[in-house]
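# Chain and residue survey
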Amino acid sequence: MKEQIGAIEKDALAQITAAINERSLDDARVAVLGKKGSLTLVAVGIKDVPKEDKAAVGQLLNAARAVISAALDVKQTALREIADRAALAGMDPTLPARALPPGALHPLTQIRDQAISILRRMGFALADGPEIEDEFHCFDALNTPADHPARNEKDTFYFDSGKLLRTHTSSVQIRSMEAQAPPIRIIAPGSAYRRDEIDATHLSVFNQLEGLAVGADISLPDLKGTLEYFFRELFGTTTEVRFRPHFFPFTEPSFEIDVKLQIKGQAPRWIEVAGCGMVDPAVFDAINKSRKDHAYDPENTTGFAFGMGLDRLAMIRWGIRDIRLLIENDVRFLRQFA
Ligand code: DAH
């Protein structure tokens, strides 16, 4: 048996040396170490070896297997190196790489990032809330009565469970105040959903940016100053901004904000860009009830809130006439913003 093992080892090493590619090397491995390989079959015979020789023969077998395995490994590395070198032959690795076409951010991403950066400079922190909301956070806590048209099945996507797709990012105001006592200064960019007929100015999913500042001495001039500054940073220092009295259930007083759009060759016109107002004390009451404390005491807590449509801001900034262009991902359109 000893001779047999020696012969197998010698034969295997010869086969390994002779292998010209990974395929023939693998054949050699299977022929010797495989399930029906020559060394494997010899090893089966160890049961017939006399007891006193078993240990010595076993050692011999193991040593042979180790030598063969090592030779296989060395040969495999060598063969791979040869194959790699062959694959690279004729190629000049010092040539400059082929240029990749540069990518760019989507216009909506650009305007959102810019809006965030302006507001962060003013001390607003990013906040977040779920897009699948409940009626409490989307409506009730925002002082919106049960018969308000925004709560209509025709205008809002409801789930069978009674939950809904948030119709505005104002729900994040509630989530933030529930989680944190005043002072608070947050912004929340995100998607909002409405069952609108889709046309050049409406989508059923659109993007808003909500803002909320609550503290001890926050007043209407703070709201005006903050938002005037914001729109002048966004659209240019000479931008005209006006506040038009309006109604929102969760603010009192409430305003809509218009900016004056001046397009060359067109008469200037006012365009509505946001809603805002001073937080209605009824909202603070709802928050206190939900928090089970009196952190938002309506007697000495005031604040302002605002919400704007990011899609609308992008349309104004770049003179985009059809909101659908923002979601079609047509590179011929998007390339213009690179
Ligand atoms: N949530 C309102 C909307 O979607 C926008 C809005 C108005 C947000 C007034 C506010 C606000 O925070 O104070 O039309």
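None of the values given here were measured: they were computed from a predicted structure. (Residues numbered from 1 in each chain as written. Predicted model: local features only at pLDDT ≥ 70, side-chain atom pairs only at ≥ 80, totals over all residues. Heavy atoms only, no water.)

## Some thoughts on the sheet that holds strand 7 (residues 251-261)
Sheet strands pair by backbone hydrogen bonding; their relative direction is either parallel or antiparallel. With mixed pairing, the seven strands of this open sheet are ordered in space as 1-4-5-9-8-7-6. The outermost strands of the open sheet, each flanked by one partner alone, are strand 1 (125-126) and strand 6 (241-248). Pairing of strand 1 with strand 4 (residues 184-193), which is carried by two bridges, proceeds in the parallel orientation. Residue pairing in the sheet places Leu-126 in a bridge with Ile-187 of strand 4. Sheet strands in contact with helix 9 (residues 281-291) are strand 5 (205-215), strand 8 (269-279) and strand 9 (302-309), and its direction is about 50 degrees off that of strand 8. (Pairing = 2+ DSSP bridges. Helix = DSSP H or I, 4+ residues; strand = E, 2+ residues; numbered from the N terminus. Contact = heavy atoms within 4.5 Å. Axes fitted to C-alpha atoms, helices over the stretch in contact; angles between N-to-C directions.)

## Notes on the site of the ligand
Taken together, 15 residues are adjacent to the ligand, and His-168, Ser-170, Arg-194, Gln-208 and Glu-210 come closest. Contact between the ligand and Ser-170: a nitrogen atom at 2.9 Å from a side-chain N or O atom of the residue. Within the contact set of the ligand, an oxygen atom lies 3.0 Å away from a side-chain nitrogen or oxygen of Gln-208. Within the complex, the protein chains bury 89% of what would otherwise be the 350 Å² of accessible surface of the ligand. Contributions of two or more residues to the shell around the ligand are made by strand 5, strand 8 and strand 9. By residue class, the composition of the shell around the ligand is five nonpolar, eight polar and two charged. (Near = heavy atom within 4 Å. Polar contact = N/O pair within 3.5 Å; in protein donor to acceptor, adjacent residues only side chain to side chain. Areas by Shrake-Rupley, 256 points an atom, 1.4 Å probe, with all protein chains shown as cover. Nonpolar A, V, L, I, M, F, W, Y, C, P; charged D, E, K, R; others polar.)

## Concerning the packing of helix 1 (residues 2-18) against helix 4 (residues 51-88)
Two elements in contact, helix 1 and helix 4, have axes separated by 10 Å at closest approach and are oriented at 0 degrees. Relative to helix 4, the element helix 1 is oriented roughly parallel. Contact with helix 1, carried on its side by Lys-2, Ile-5, Glu-9, Ala-12, Leu-13, Ile-16 and Thr-17, involves Val-57, Leu-60, Leu-61, Ala-64, Val-67, Ile-68, Ala-71, Leu-72 and Lys-75 of helix 4 and no other residues of that element. In the contact of helix 1 with helix 4, the residues fall into twelve nonpolar, one polar and three charged. (Parallel < 35°, antiparallel > 145°, perpendicular 65-115°, else oblique.)

## Observations concerning the domain arrangement of the chain
When the domains of the chain are assigned, the result is domain 1 (2-88) and domain 2 (107-337). Distance from the C-alpha centre of domain 1 to the C-alpha centre of domain 2: 73 Å. (Domains from an automatic or database assignment.)

## Here we look at the layout of surface pockets
Where empty space is left can be seen by rolling a probe of water-molecule size over the atoms. Roughly 190 Å³ of internal volume is contained in the second largest pocket. Around the second largest pocket, the lining residues are Pro-102, Gly-103, Ala-104, Leu-105, His-106, Pro-107, Val-331, Leu-334, Arg-335 and Ala-338. For the lining of the second largest pocket, the class distribution of residues is seven nonpolar, two polar and one charged. (1 Å grid on protein atoms, 1.4 Å probe; cavity = no way out; pocket = protein on both sides within 12 Å on 5 of 7 lines; lining within 4 Å. Points joined across faces, edges and corners; volume = space filled by probe spheres on them.)

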